[in-house]
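Descriptive analysis of the structure
As a plain string of letters, each chain reads:
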Amino acid sequence: VQLQASGGGLVQAGGSLSFSCATSGLTFSSYAMGWFRQAPGKEREFVAGISRTGGTTYYADSVKGRCTISRDNAKNTMYLQMNSLKPEDTAVYYCAAGFTLTTSRSYAYWGQGTQVTVSS
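Residues numbered from 1 in each chain as written. Predicted model: local features only at pLDDT ≥ 70, side-chain atom pairs only at ≥ 80, totals over all residues. Heavy atoms only, no water.

**With respect to the pairing of strand β3 (residues 17-24)**
On β3, burial follows the alternation: L17, F19, C21 and T23 on one face are buried, whereas S18, S20, A22 and S24 on the facing-out side are not. Where strand β1 (residues 2-6) lies against β3, 5 bridges are found, and the strand directions are antiparallel. Bridge pairing in β3 places A5 opposite C21. Bridging between β3 and strand β8 (residues 77-82) involves 6 bridges; their strand directions are antiparallel. When the sheet's bridge partners are listed, S20 is paired in β8 with Y79. (Buried < 20%, exposed > 50% of the residue type's maximum accessible area, 1.4 Å probe, protein only. Helix = DSSP H or I, 4+ residues; strand = E, 2+ residues; numbered from the N terminus. Pairing = 2+ DSSP bridges.)

The following block contains the structure:
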């Protein structure tokens, strides 16, 4: 199983980023998917999650209204669009696949992470 997160980078506050998580080795449509992030010195935290069909989505309060998670089961890929980025969004962003849509870290598979740096 492989999850490949991409789309991070350096952006100014107020800017936007689009992330992708390409998967292989699993039946993508059978898994709930999530995005997490980890800032230096902090625990990994939930950002957004999406159910197997895409019909249900969850967002952390810190990103609600600025973030849209989506998936394309035909392409085995999940996406995250983040707008109005803030310096506190700076972190390594990880995608994950699990059996249940949850805000906890109990996902079965994790990608390698992509760095996001938001300058003020």
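What follows picks up the thread again.
**Let's talk about the pairing of strand β5 (residues 45-50)**
Most of β5 is tucked away: 5 of the 6 residues are buried. Relative to β5, strand β4 (residues 32-38) runs antiparallel, the two being bridged by 5 bridges. Of the residues in β5, the one forming a bridge with W35 is A48. As defined by bridge partners, β5 adjoins strand β6 (residues 57-59) across 3 bridges and the pair is classed as antiparallel. Bridge pairing links A48 to Y59 in β6. Two successive antiparallel strands, β5 and β6, enclose a turn made up of 6 residues, where G54 displays a positive phi of approximately 90 degrees.

**Focus on the state of the cysteines**
Under the counting rule described, the total for this entry stands at 1 disulfide. The disulfide that involves C21 links it to C95, with 2.2 Å between the sulfurs. Every disulfide takes its handedness from the sign of the S-S torsion; for C21 and C95 that torsion is 65 degrees, giving right-handed. Here the residue C21 occupies a position in strand β3, and C95 occupies one in strand β9 (residues 91-98), the gap between them amounting to 74 residues. Of the residues examined, C21 reaches a relative accessible area of 0% and is grouped as buried. In this model C67 remains outside any disulfide bridge; the closest cysteine sulfur is found in C95, 14 Å from its own. On the accessibility criterion, C67 (7% relative accessible area) is buried. (Disulfide = S-S within 2.5 Å.)

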